[in-house]
Structures are given as structure tokens and as C-alpha cells.
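Listed here are the chains, written in short residue letters.
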Amino acid sequence: MIDTLFTAPTAVTAASCATSDDALGTVSLAARFNHECLCGNLDLAAVPQALVARLPDPDSGAVDGLADMLALHPHLFSPASVYLGEEDLARMQEGIAAIERVIALPAFVQRVLAQAPACAQLPQAAAGVFFGYDFHLTDDGPRLIEINTNAGGALLNALAATLPRSECPHLPGGVAASGGLAAPAGEASASDAPARFVAMFREEWRRARGERPLTRIAIVDSAPEAQFLAAEFEGFRRLFAAHGIDALVADPGELVFADGVLRCRGERIDLVYNRLTDFALEEPAQQALRAAYLVDAVLLTPHPRAHALYADKRNLVLLSDDAWLTAAGVSAADRACLAALVPHTEEVTPAAAEGFWTARRQYFFKPWGGYGGKAAYRGDKLTRRVFAEIAAGGYVAQHVAPPSLRNVRVEGEVRALKLDVRLYVYRGEVQLVAARLYQGQTTNFRTHGGGFAAVRVVPAGV
């Protein structure tokens, strides 16, 4: 099931778009729209209050600060939409299905858990919410850059998808009529996504606890009020409350584990929605949560085992190693799918350091336990000093798969922004598709004209 990030078209002047009907053919139409269409179709100034209207505070006596949280980050959303070919989306979905089959193999589980922390060894009934599969769009098709197990932005993107957008007047009829990411008959639309997210958390609870009622959720991150996506944490609190589940946003230091019960501010916690980036729960602030997790006194989602199986970047080494996949029993069809989707990745070791330095321009270097592009480096930008730190260990080297570009008009100037596409996935099912626009080496939310962007799928044959 995929989500629609499209709303009904409204009028827009042709002058706002740099393309014409004659300029757009049916070959690589999505790429051509990303290059030539300069329509900014989201009113950014109206976004904070519009999102508040979609998530009113259930505590009517409280001062509503959600709009202020959103206003603190003017580059959270891009005014532009991103166009994605239907064939590319299908390849991404096929790749996710293939990866799920590989991860289910005993050989993969054994290999991955052998290098995972102790707390990841515990079997878990919960699958883990909001996996994020991040792709670059290349001339040869989509390439999987990484998988994240606590991917942010799903709720904000789903809500933004329901906001009014102006329509590019040069969209081919098939795109406009289909509504871009229009869900097939009987499937959910963007407006249903928040309720579907709640159902996902209830399913996590059912898988782990059966028919016991889910009473209270803690949304946990370090210093949550200072996090970039603090507004999303608050949004989830309101969303859960609107569906009859008490919720609070908390720092892990506020958690107390005693007498077999995890509490926060005196209240018993059933489920922790984990937004921490300490994936193994090793830091002192996480000790109460870790203790409760290890004895199954709280349901944690996503959990350390999910991170070990999906998000450790050393797994990309296995997913791009045809010989290993063959020995593990992966089918020829799945191996071919992964060969086309996953850039070749190797673990950086001190013994092989000089070879990586010589060939550095063809690699992107990432810490295998990293997140959010932190301490990640493009090889052609490396200095010897930084590479010495990489060569010491803890990094993978991934063949460069350059991101495609989206031209955006910002203050009268046309800027070419890099883009990636994120598929939010639960138990192998795509729940939402969004994009991020940025400048620089890695995704960020500091670029004028950049930020989260709605995705419009261009049907094949249009």
C-alpha cells in the first residue's frame, strides 16, 4: 500500500513554470519535470497554522505551541513537489520485498547478530515502526543509499500532504487525472495516513501483548524539546491522545524502572516510541529503559534488534555481495534485483586503507553505526587527516550513486537542489513516500527552497 501526496488541483499561471507541453516527452518525464517545472505549489507561510488545525491540542486549556515549533524551522518543507517515475517506484518496492526476504534468512540473521550488541540478541515480537528506505534516483534507476529504523518525518509529511497545493498547468493528463500518487481503489489515501500510523502502533502492541489494552505511550528522545523534529513528537502526542491513548514526550532520564514497572512522571508506560540514536541503549541516560527492555517490562519500538538487522550499514556489504547472497540461498531473481538496487559496499579496514585512499573518489564513506549523514564523507572531498580517522575502522565505503537534481525557484533565482526519496515502511509495506531537497554532502534542512517535499508519481506511458 502506498500513500498519495497529492491534493486537488487549483489554478496557476503558466508563467510560474519554465516548461511547455512541447518540451516534455514521455521519455524520463519525471526527470524532465524535476528539471524544468519551477512551480512552487505549497504556501510555506500557511503551513504551521494549517498543521495545527489538523492536530488540535486535546488539552484545550494549554497554550498551543506547535505552530511556534514549526515556525522555528523555515526550511522544514520545500515549496516544490518532486516527480517520480512509476517504474522507479515499482523497482524500489520490489527491492524492499527482496531485502525483506534476505533478512528473514537464517544465514543473514546469524551473520548480522554475530556482530551486534548483546541487547540486540533478544527475539522480539514487535517488528519496529517507521523504517526509512532512502534512495537516490540515477540515470540507471533508483539506488538504495541506506535503511534507517527510526526514520523521522512520516507524520509531518502525511499532514503536509493534505494541504492545498497549486497545480502545474503543464502536467500531462495522466498525471493530473491520476493524482500523482493516487492510491488504487480500496487503498488508503494521505488523509488516512495518521490513523493508519496509530493502527501500526496498536499492531505492534498486539503482536507483543495480545489483547491487553494499550494505555500509555512515551515518545522518547534525548532533550526532546531541543530536537529538530520536536514538532513531530508533539504531533504524535496529540495524535495518540485523539485515538484514546495517553501519551507524553520525554527525555530518557525521566524514565524510572522499579518493581518491574517502567514509569515516567509517576505514570506507568506500556510502550516507548523510540526516537533515540543510541541504538544499543548503552549511554547512562538510557539505563532505566534498557533495564525494562531486557526483562520485557516495556514494549520498545523500534528496538535494538531491528537496528541490527536493518540499519547497521555493514549489512549493505552483504546485500551487495552476490557471492555471499548465493551461498546464503538467495534466489537468482532477488540477487539480480539487489545488484541493480544496492551500490557495492565494503567495510573499511586498516589493512585495506591505502587502496581505499587511492580509489576514494568513487566512494562515499559512512560510519556503520551512524545516522543522519553525521560523520559521512564524499571521497573526493576527503583530507588525509579525516581519512586517517576513517581508516582506523568503524566505516563502510559505498560506491557513489550521485543524487538527481530538482530545480527550484527561490527568490527569483533558479537553484538546482539534490534530492533523495524516502519510503516509510512497516513490515515490508510502503506506507508513505516523500522526498527531501538539499544542498551539500548530505541531507539537511538548512537549504533555501529545500526540506521535505511532496512526491508525485508519473504513470508509465503518459
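A brief look at the structure comes next. (Residues numbered from 1 in each chain as written. Predicted model: local features only at pLDDT ≥ 70, side-chain atom pairs only at ≥ 80, totals over all residues. Heavy atoms only, no water.)

1. Some words on the overall build of the protein
So the rule is basically this: In this text, helices come from DSSP runs of H or I with a minimum length of four residues, and strands from runs of E with a minimum of two, each type numbered from the N-terminal end. Exposure categories follow from relative accessible area, calculated using a 1.4 Å probe and restricted to protein chains: below 20% of the type maximum is buried, above 50% is exposed, and the middle band is partly exposed. Should any heavy atoms of two residues lie within 4.5 Å, those residues are counted as being in contact.
Counting its secondary structure elements, the protein contains 16 helices and 19 strands. Taking all 462 residues of the protein together, 56% fall into the buried category. In the protein, once contacts between residues fewer than 6 apart in sequence are set aside, the share between residues at least 24 apart is 74%.

2. Things to note about the packing of aromatic side chains
Stated formally: The aromatic pairing rule takes the rings of Phe, Tyr and Trp, using the six-membered ring of Trp, and pairs them if the centres are within 6.5 Å, calling planes under 30 degrees apart stacked, those over 60 edge-to-face and the rest tilted. Here, over-ring charges are defined by two tests on the NZ atom of lysine or the CZ atom of arginine: distance to the ring centre within 6 Å, and angle to the ring normal within 35 degrees.
Summed over all chains, the structure comprises 20 aromatic pairs. When the ring of Phe-33 is compared with that of Tyr-83, the centres are 4.9 Å apart and the planes differ by 45°; the resulting orientation is tilted. With Phe-33 in helix H1 (residues 29-36) and Tyr-83 in strand S1 (residues 82-85), this residue pair connects regions lying 50 residues apart in the sequence. Exposure remark for Tyr-83: the relative accessible area of 3% places this residue in the buried category. Feature note: the residues Phe-130, Phe-197, Phe-201, Phe-236, Phe-240 and Tyr-273 constitute an aromatic cluster, connected by ring pairs. The ring of Trp-368 carries the charged tip of Arg-314 above its face, separated from the ring centre by 3.4 Å. In this structure, Arg-360 packs its charged tip against the face of Trp-357, placed 3.8 Å from the ring centre.

3. Concerning the sheet that holds strand S6 (residues 255-258)
Selection criterion: Pairs of strands are assigned from DSSP output, requiring at least two bridges between the strands. Between the N-to-C directions of two axes lies an angle of 0 to 180 degrees, each axis being a line fitted to C-alpha atoms and, for a helix, fitted only over the stretch in contact.
Pairing is antiparallel in the open sheet, where three strands are placed in the order S6-S7-S8. With partners counted over all chains shown, the strands left at the sheet margins are S6 and strand S8 (267-268), one partner each. Pairing geometry for strand S7 (residues 261-264) and S8, over two bridges, is antiparallel. Paired with Arg-263 across the two strands is Arg-268, which belongs to S8. Sheet strands touched by helix H10 (residues 287-294): S6 and S7. Its angle to S6, the strand with the most contacts, is close to 45°.

4. Considering the pattern of salt bridges
Counted only if it meets this: Here, a salt bridge means any side-chain nitrogen of Lys or Arg that lies within 4 Å of a carboxyl oxygen of Asp or Glu.
Counted by the stated rule, this structure contains 25 salt bridges. One salt bridge in this structure joins Arg-237 and Asp-57, with 3.1 Å as the shortest N-O distance. Within this pair, whereas Arg-237 is found in helix H9 (residues 230-242), its partner Asp-57 is found in the loop between helix H2 (47-54) and helix H3 (66-71), the two being separated by 180 residues in sequence. Accessibility assignment for this pair places Arg-237 and Asp-57 in one class, buried. The partner of Arg-238 in a salt bridge is Glu-234, with the nearest N and O atoms 2.7 Å apart. On the criterion of helical spacing, the pair formed by Arg-238 and Glu-234 is a turn pair, its members being four residues apart in helix H9. Of the two residues, Arg-238 and Glu-234, both sit in the buried class. Look at the salt bridges and you will find they share partners, linking Asp-57, Glu-234, Arg-237 and Arg-238 into a network.

5. Concerning helix H11 (residues 304-311)
Across the eight residues of H11, eight count as buried, placing the element largely inside the fold. Among the residues of H11, Pro-304, Arg-305, Ala-306, His-307, Ala-308, Leu-309, Tyr-310 and Ala-311 are the ones counted as buried.

6. Quick notes on the pairing of strand S12 (residues 363-367)
Counting buried positions along S12 gives five out of five residues, so the element sits mostly inside the fold. Residues Tyr-363, Phe-365 and Pro-367 of S12 are buried on one face, and the alternating residues Phe-364 and Lys-366, pointing to the opposite face, are buried as well. Across five bridges, S12 lies against strand S14 (residues 395-399) in antiparallel orientation. By the bridge assignment, Phe-364 is partnered in S14 with Gln-398. Looking at chain direction, S12 and strand S13 (residues 377-378) are connected through two bridges and run antiparallel. By the bridge assignment for S13, Phe-364 is matched with Arg-378.

7. Here's the deal with the nonpolar core
Under the convention used in this document: Take the buried Ala, Val, Leu, Ile, Met, Phe, Trp, Tyr and Cys residues and link them wherever side-chain atoms come within 4.5 Å; each set so joined is a nonpolar core.
Grouped together as the largest cluster of nonpolar side chains are 51 residues, with contacts concentrated most on Leu-84, Tyr-133, Leu-144 and Leu-423. Every residue in contact with Leu-84, bar those within four places of it in the chain, is listed here: Ala-30, Leu-89, Met-92, Leu-137, Val-421, Val-433, Val-455, Arg-456, Val-457 and Val-458. Residues Leu-51, Leu-155, Leu-163 and Val-198 belong to the second largest nonpolar core, which totals 49 residues.

8. Notes on the sheet that holds strand S5 (residues 246-250)
Read across the sheet, four strands follow the order S5-S4-S9-S10 without closing on themselves; strand pairing throughout is parallel. Edge strands, defined here as strands with exactly one partner in the open sheet, are S5 and strand S10 (299-301). Across the sheet, the axes of successive neighbouring strands diverge by a mean angle of 20°, strand direction being ignored. Across five bridges, the pairing between strand S4 (residues 216-220) and S5 is parallel. In the strand pairing of S5, Ile-219 is matched with Val-249. Where H9 meets the sheet, it contacts S4, S5 and strand S9 (271-274), and its direction lies at approximately 165° from that of S5.

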